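Coordinates in review
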Amino acid sequence: MRSLFVICVFTFSCLIPTNAQVFIPFSYWQDFCKSTAVVFTFTGADQIYTVPFGCKRMRIKAWGGGGGGGGSGDGTGQVGAAGGGGGYSEVDLTVTSGTDYAIRVGGAGVRGLNSGGTSYGAGGGGGGYSAVLTSPGLVVQLVAGGGGGGGAGDNGAAGAVGAGGAGGGTTGVTGGIAWVAGTGGGGGTAITGGAAGNQAQNAPGTNPTAGASLQGGNGGSLDAGGTGAPAGGAGGTYGGGAGGNAGSTNSRTGGGGSSFSIVAGTQTAGAGTVPGNSADGDRAGAGDGGAQVAVGDNNGNTGVNGRVVLYFFRN
C-alpha cells in the first residue's frame, strides 16, 4: 500500500509543468495580518514584537501607569491624597512586515517604578510611562502615554485634598494641594519636565525635584523636626512625579507626565484618578491612580499599571 501511495504522488507531480505557478488563495495571506488586539501588560522590561507578514499599518494605544496614593505619615489613620490617572496616546503608523518594535509598559506608582518619580515615607510614587520604541534599547519614541503623579502623604490633621496630577495630553496635569495654599509639582511636556512644587525645607529633609527627560521628579521628604511642607516632584517628559511625604503643616502632590506621538495622533489627559480615554474597552482597568488610604510608606496604596494595545491592518 505504501509503495502504491508513493507511485501515485510521483505520478501526480510529474503532471505539473516545471514553470507552472501554484495558486494560493488570498484568504491564506489575510490570516497573517488580522486586526485583532495584541495586548501588552507591565513586566518591568521591554517586550519585542515583530510586525506580521502583509501588514502595512499599525495602530498604537498606550495608557501610562497611575500614580500611587499617599498614606498616613504618623499612624493616626488619616488618609493621604489619591494618585493621578495615567495619560493616553493613540496613533496610526505606516509599518513594514518583519520590523521589530520595543514595547515598554509603565508600572504603577510604587517607589518610582519604570521612570516614575521616587517618593519618601507616606508619599505615593509617580506612575511610569507606556511607549513603543523603534528598537530595543533606544529612546526614539513613536508614541508615549504619560504616567500619573503621586499623591502626598497626610499630616494627621485632616483629610488630604487634591489628587496627584494626571498624565497628559501633550502636557501633564499639575499636582493638587493638600492642607494649605501653594503649588504641587508641575506637569511635564514632551520637551521638558515640569517645575517642582514649592517648598521651604530644613536639613536633613530634601526638596522635591523637577522632572527630566523620560523621568518624573522626586517628592520631598521631612526635615529633622517633621515640621516641613513636603511638595510633590514634577512630572517629567512622560514619567509622573512623586507625591511629597507627610508634613505637619502641608504637603503637595506630584505632577503628571506628558503624552506624545511622533506624528499627529490623539493625546488625552486623565482627570483626577481616572486615566485618559477611560471608556475605551481596550483599557481593561489600566492606568487608574491609587486611592487614598490610611497606610504609611506606600504599603497597599499603589496605582494601576499601564497598558499598550496594538492593531495591525493590511492597508
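This text goes with the structure placed above it.
All of the points below concern the structure found in this document. If you're wondering where the values come from, they're calculated on a predicted model, not measured in any experiment.

Definitions and cut-offs
- Chains are numbered independently. Their residues run from 1 in the order of the written sequence.
- With pLDDT at 70 or above as the cut-off, local features in this predicted model cover only qualifying residues; side-chain atom pairs require 80 or more to be listed or tallied, and sums for whole chains, interfaces and linings still use all residues.
- Each side-chain value is worked out from all heavy atoms of the structure, with water and hydrogens disregarded.
- Strands were regarded as paired on the criterion that DSSP finds at least two bridges between them.
- Strands here are runs of E lasting at least two residues and helices are runs of H or I lasting at least four, both read from the DSSP assignment and numbered beginning at the N terminus.
- Salt-bridge detection follows one rule: a side-chain nitrogen of Lys or Arg within 4 Å of a carboxyl oxygen of Asp or Glu.
- Think of it in three bands: with a 1.4 Å probe and only protein chains considered, a residue is buried below 20% of the maximum accessible area for its type, exposed above 50%, and partly exposed in between.
- Nonpolar cores are built from buried Ala, Val, Leu, Ile, Met, Phe, Trp, Tyr and Cys residues. Side-chain atoms within 4.5 Å join them into one set.
- Note on contacts: a residue pair is in contact if any heavy atoms of the two residues lie within 4.5 Å.
- To get an axis, fit a line to the C-alpha atoms, keeping to the stretch in contact for a helix; angles then go from 0 to 180 degrees between the N-to-C directions.
- Distance and chemistry together define a polar contact, namely a pair of N or O atoms within 3.5 Å, with one atom able to donate a hydrogen and the other to accept it when in protein, and with adjacent residues in sequence counting only for side-chain atoms on both sides.
- In this scheme, patches are assembled from residues that exceed 30% relative accessible area and form no salt bridge. Like charges are connected within 9 Å, while nonpolar side chains (Val, Leu, Ile, Met, Phe, Trp, Tyr) are connected within 5 Å.
- What sets the accessible areas is the Shrake-Rupley method with a 1.4 Å probe; for residues, cover comes only from the shown protein chains.
- Between 30 and 60 degrees the pair is tilted, below 30 it is stacked and above 60 it is edge-to-face, where a pair is any two Phe, Tyr or Trp rings, Trp via its six-membered ring, whose centres lie within 6.5 Å.

We now examine the sheet that holds strand 10 (residues 260–261). One open sheet accounts for five strands, arranged 2-5-6-7-10; its pairing is antiparallel. This sheet does not close on itself; its edge strands, each paired only once, are strand 2 (47–50) and strand 10. Examined bridge by bridge, strand 7 (residues 141–145) and strand 10 share two bridges and lie antiparallel to one another. Bridge assignment links Ala144 to a residue of strand 10, and that residue is Phe260.

Our focus in this paragraph is the pattern of salt bridges. Applying the stated criterion across every chain, the model contains six salt bridges. In this structure, Arg104 engages Asp46 in a salt bridge whose closest nitrogen and oxygen atoms are separated by 2.8 Å. Note that Arg104 is positioned in strand 5 (residues 100–104) and Asp46 in the loop between strand 1 (38–40) and strand 2, a separation of 58 residues in sequence. Judged by its relative accessible area of 15%, Arg104 is buried. Ionic pairing is found between Lys61 and Asp280, a salt bridge with its closest N-O pair at 2.7 Å. Residue Lys61 is located in strand 3 (residues 57–63), and its partner Asp280 is located in the loop between strand 11 (266–268) and strand 12 (307–313); the two are separated by 219 residues in the primary sequence. One network of salt bridges, in which partners are shared, links Arg57, Arg59 and Asp92.

Okay, the nonpolar core next. Grouped burial of nonpolar side chains is what soluble globular proteins tend to show. Residues Ile60, Tyr101, Ile103, Val132, Val308, Leu310 and Phe312 are the most contacted members of the largest nonpolar core, which totals 20 residues. Residue assignment for this core shows that the elements contributing at least two residues are strand 1, strand 3, strand 4 (88–94), strand 5, strand 7 and strand 12. Apart from the residues within four sequence positions on either side, Val308 is in contact with Val38, Val39, Phe40, Ile60, Lys61, Ala62, Ile103, Arg104, Val105, Ser130, Ala131 and Val132. Counting residues in each nonpolar core, the second largest holds seven residues, with Ala102, Leu133, Ala144 and Leu214 among its members.

What follows is about the pairing of strand 3. Counting buried residues in strand 3 gives five out of seven residues, a clear majority hidden from the surface. Relative to strand 4, strand 3 is paired through seven bridges, and the arrangement is antiparallel. The partner of Lys61 across the bridge, within strand 4, is Glu90.

A word on the sheet that holds strand 1. Taken in spatial order, the five strands of this open sheet run 1-12-3-4-11, and their pairing is antiparallel. The open sheet has two edge strands, strand 1 and strand 11, and neither has a second partner. Between one strand axis and the next, the sheet turns by 15° as a mean value, whatever way the strands run. Pairing of strand 1 with strand 12, which is carried by three bridges, proceeds in the antiparallel orientation. Across the sheet, residue Val38 finds its bridge partner in strand 12, namely Leu310.

This part covers the environment of Asp92. Counting through the fold element by element, Asp92 comes out in strand 4. The sequence separation of Asp92 and Val263 amounts to 171 residues, and the corresponding C-alpha distance is 8.5 Å. The residues contacting Asp92, other than those within four sequence positions of it, are Arg57, Met58, Arg59 and Val263. At 2.8 Å, the side chain of Asp92 and the side chain of Arg59 are in polar contact.

Next up on the list: a nonpolar patch on the surface. Taken together, the side chains of Val140, Ile262 and Val263 define a hydrophobic patch exposed on the protein surface, amounting to about 220 Å² of accessible area. Along the chain, the position of Val140 falls in the loop between strand 6 (130–133) and strand 7.

Attention shifts here to the packing of aromatic side chains. Summed over the entire model, instances satisfying the criterion amount to three aromatic pairs. When the ring of Trp63 is compared with that of Tyr88, the centres are 4.7 Å apart and the planes differ by 45°; the resulting orientation is tilted. Here the residue Trp63 occupies a position in strand 3, and Tyr88 occupies one in strand 4, the gap between them amounting to 25 residues. Both residues of the pair, Trp63 and Tyr88, count as buried.

Here the focus is the environment of Thr41. As for its placement among the helices and strands, Thr41 is situated in the loop between strand 1 and strand 2. The residues touching Thr41, leaving out its near neighbours within four places in the chain, are Gln47, Val105 and Arg307.

Right, let's talk about the side chain of Asp280 for a bit. Polar side-chain contacts of Asp280 include one of 2.7 Å to the side chain of Lys61. Of note is the side chain of Asp280, whose polar atom sits 2.8 Å from the backbone nitrogen of Asp282.

Scope: geometric values only; no functional claims are made or implied.
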